[in-house]
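Letter by letter, the chains look like this.
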Amino acid sequence: MKYGVFTVSMPEYTIEETLDVLAELGYDGVEWRVQEVSDKFVEGIPFESRYWVNNKSTVDINTIVDEAEYIKDLCQKKGLEIFGLTTYLNPKDKEKIEEVLKAAVIMGAPHIRVFTPGYSGETHHNVIFQETQDHMKDLEILAGKYDVKILFEIHMDNIFASPSAAIRLLEGFDPKKLGIIYDPGNMVYEGFEDYKKSFEILGDYIGHIHVKNGRWEADGLDEFGAMTWKRQWVPLKKGMANLRKFFQTMVDMGYNATISIEDFSNEESTYDKLKANLIYIKELEQAARTTT
């Protein structure tokens, strides 16, 4: 397996600093956050929101094609692979998706992420589902045109929240062109299915892995005296996703590709998390291979 970091979880580092740190710590690659970058620094945001606001380790989607060669060269000099370009684009945003695909070709990135629509209950699920599937027909053509896979992440609060939902949306499409990012941390909150069963369901559609962890925490009582719960991102060792079992499943099912850490916990510095997490997941892989 090859290990990298999705740069959303390195918010205080610039692009250049990100590569310095990852190379120093011994990572194999980097998965770039791709989003609009504002010149204005937003003041007063909660500490836990720094991943998504004022994130310096972000490639600007508006200039990504122009910057692609520079970023590729930086990565090569540090000996780091570019695992992917991870956007927040909707499947209908085809013009911007094509620009990111062009950048991926220049950088040598094997895939990009496109985000599937959220589900809030305002629009019927089946309507969103059909519209998304219609757009995916065009995305399959684009992926083939540029020979870059387009991946959709299993993610809570959208129509792609579980392996079963993912295969329902993707079935019939070419897994060499469209696939999924499997994320056991997201499925703590919605969409959990047994890991082995998930791999059996998804098969060749699994194109990349994200590793993070979270848990539900007690959040008081409602007006009827029933307990309420809130979501909380936590360190890899403190969450509800059974990462030991997950790594065993990956080894048993023959997954031997790329994995990006995406740690949103706030108990340690980013540097300390990056260092400890790499040691931990390598230990999990070694333990799994020993057991096998």
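This text follows the structure it describes.
Worth saying up front: this structure is predicted, and the values here are computed from it rather than measured. (Residues numbered from 1 in each chain as written. Predicted model: local features only at pLDDT ≥ 70, side-chain atom pairs only at ≥ 80, totals over all residues. Heavy atoms only, no water.)

1. Some words on the overall build of the chain
Consideration 1: From N to C terminus, the chain includes 8 helices and 11 strands.
Consideration 2: Expected size for 292 residues packed as a compact globule is a radius of gyration near 19 Å; at 19 Å, the chain falls within 12% of this value.
Consideration 3: Expressed as a percentage of the 292 residues in the chain, the buried residues total 51%.
Consideration 4: Of all intrachain contacts in the chain linking residues separated by at least 6 positions in sequence, the fraction that spans at least 24 positions is 79%. (Helix = DSSP H or I, 4+ residues; strand = E, 2+ residues; numbered from the N terminus. Rg over C-alpha atoms; globule rule 2.2 N^0.38 Å. Buried < 20%, exposed > 50% of the residue type's maximum accessible area, 1.4 Å probe, protein only. Contact = heavy atoms within 4.5 Å.)

2. Here's the deal with the pattern of salt bridges
Note that side chains of opposite charge can pair when their charged atoms are close.
Consideration 1: All told, the structure shown has 16 salt bridges when counted by the stated rule.
Consideration 2: Between Glu 267 and Lys 238 there is a salt bridge; the shortest N-O distance is 2.8 Å. You can see Glu 267 sitting in the loop between strand 11 (258-261) and helix 8 (270-291) and its partner Lys 238 sitting in the loop between strand 10 (227-234) and helix 7 (243-252), a full 29 residues away along the chain.
Consideration 3: Taking the relative accessible area as the measure of exposure, Lys 238 reaches 44% and is therefore partly exposed.
Consideration 4: In this structure, the salt-bridge partner of Arg 289 is Glu 285, at a minimum N-O distance of 2.9 Å. Here the residue Arg 289 and the residue Glu 285 both occupy positions in helix 8, the gap between them amounting to 4 residues, near one helical turn.
Consideration 5: Since its relative accessible area comes to 35%, Arg 289 is described here as partly exposed. (Salt bridge = Lys/Arg side-chain N within 4 Å of Asp/Glu carboxyl O.)

3. Section: the packing of aromatic side chains
Consideration 1: Within the structure shown, the criterion is met by 14 aromatic pairs.
Consideration 2: When the centroid spacing of 5.5 Å and the interplanar angle of 10 degrees are considered together, the rings of Tyr 182 and Phe 246 count as stacked. Note that Tyr 182 is positioned in strand 7 (residues 178-182) and Phe 246 in helix 7, a separation of 64 residues in sequence. The same class applies to Tyr 182 and to Phe 246, which are both buried.
Consideration 3: Taken together, a centroid distance of 5.7 Å and an interplanar angle of 65 degrees make the contact between Trp 233 and Phe 264 edge-to-face. Pair noted here: Trp 233 is in strand 10 and Phe 264 is in the loop between strand 11 and helix 8, with a separation of 31 residues, a long-range link. (Phe/Tyr/Trp six-rings, centres within 6.5 Å; stacked < 30°, edge-to-face > 60°.)

4. Section: the environment of Ala 288
Consideration 1: Inspection of the secondary structure assignment puts Ala 288 in helix 8.
Consideration 2: Sequence separation of Ala 288 and Ile 181 is 107 residues, and the distance between their C-alpha atoms is 21 Å.
Consideration 3: With residues up to four places along the chain from it excluded, the contact list for Ala 288 reads Phe 247, Gln 248 and Val 251.

5. As for a nonpolar patch on the surface
Consideration 1: Where nonpolar side chains cluster on the molecular surface, the patch consists of Trp 216, Leu 221, Met 227, Trp 229 and Met 240 and spans about 560 Å² of accessible area.
Consideration 2: Sorting the residues of the nonpolar patch by element identifies strand 9 (213-221) and strand 10 as the ones contributing at least two each.
Consideration 3: Residue placement: Leu 221 occurs in strand 9.
Consideration 4: Leu 221 sits in the exposed class, given a relative accessible area of 60%. (Patch = residues over 30% accessible without salt bridge, like charges linked within 9 Å, V, L, I, M, F, W, Y side chains within 5 Å. Areas by Shrake-Rupley, 256 points an atom, 1.4 Å probe, with all protein chains shown as cover.)

6. Here we look at the packing of helix 4 (residues 125-146) against helix 5 (residues 163-170)
Consideration 1: For the pair helix 4 and helix 5, the least separation of the axes is 10 Å and the interaxial angle reads 50 degrees. By the angle class used here, helix 4 and helix 5 are oblique. Of the residues in helix 5, those in contact with His 125, Asn 126, Phe 129, Thr 132, Gln 133 and Met 136 of helix 4 are Arg 168, Leu 169 and Leu 170.
Consideration 2: The class makeup of the residues in the contact of helix 4 with helix 5 is 4 nonpolar, 4 polar and 1 charged. (Axes fitted to C-alpha atoms, helices over the stretch in contact; angles between N-to-C directions. Parallel < 35°, antiparallel > 145°, perpendicular 65-115°, else oblique. Nonpolar A, V, L, I, M, F, W, Y, C, P; charged D, E, K, R; others polar.)

7. Notes on the nonpolar core
Consideration 1: In this structure, Trp 32, Leu 85, Ile 112, Ile 150, Tyr 182, Ile 209 and Phe 247 are the most contacted members of the largest nonpolar core, which totals 87 residues.
Consideration 2: By residue number, the principal contributor to this core is helix 4, which donates 7 residues.
Consideration 3: Residues in contact with Ile 209, not counting those within four places in the same chain, are Ile 181, Tyr 182, Phe 199, Phe 246, Met 250, Tyr 255, Thr 258, Ile 259 and Ser 260. (Core = buried A, V, L, I, M, F, W, Y, C linked by side-chain atoms within 4.5 Å.)

8. A short note on the environment of Glu 171
Consideration 1: Tracing the chain through its elements places Glu 171 in the loop between helix 5 and strand 7.
Consideration 2: Classification of Glu 171 as exposed rests on a relative accessible area of 57%.
Consideration 3: As a C-alpha pair, Glu 171 and Tyr 205 span 34 residues in sequence and 9.1 Å in three-dimensional space.

9. Focus on the packing of helix 7 against helix 8
Consideration 1: One can describe the packing of helix 7 onto helix 8 by two numbers: an axis separation of 9 Å at closest approach and a directional angle of 55 degrees. When the axis of helix 7 is compared with that of helix 8, the two are oblique. The crossing of helix 7 and helix 8 is right-handed. Of the residues in helix 8, those in contact with Leu 243, Arg 244, Phe 247, Gln 248 and Val 251 of helix 7 are Tyr 280, Ile 281, Leu 284, Glu 285, Ala 287, Ala 288, Arg 289 and Thr 291.
Consideration 2: Of the residues belonging to the contact of helix 7 with helix 8, the class tally is 8 nonpolar, 2 polar and 3 charged. (Left-handed = near helix turned anticlockwise from the far one by under 90°.)

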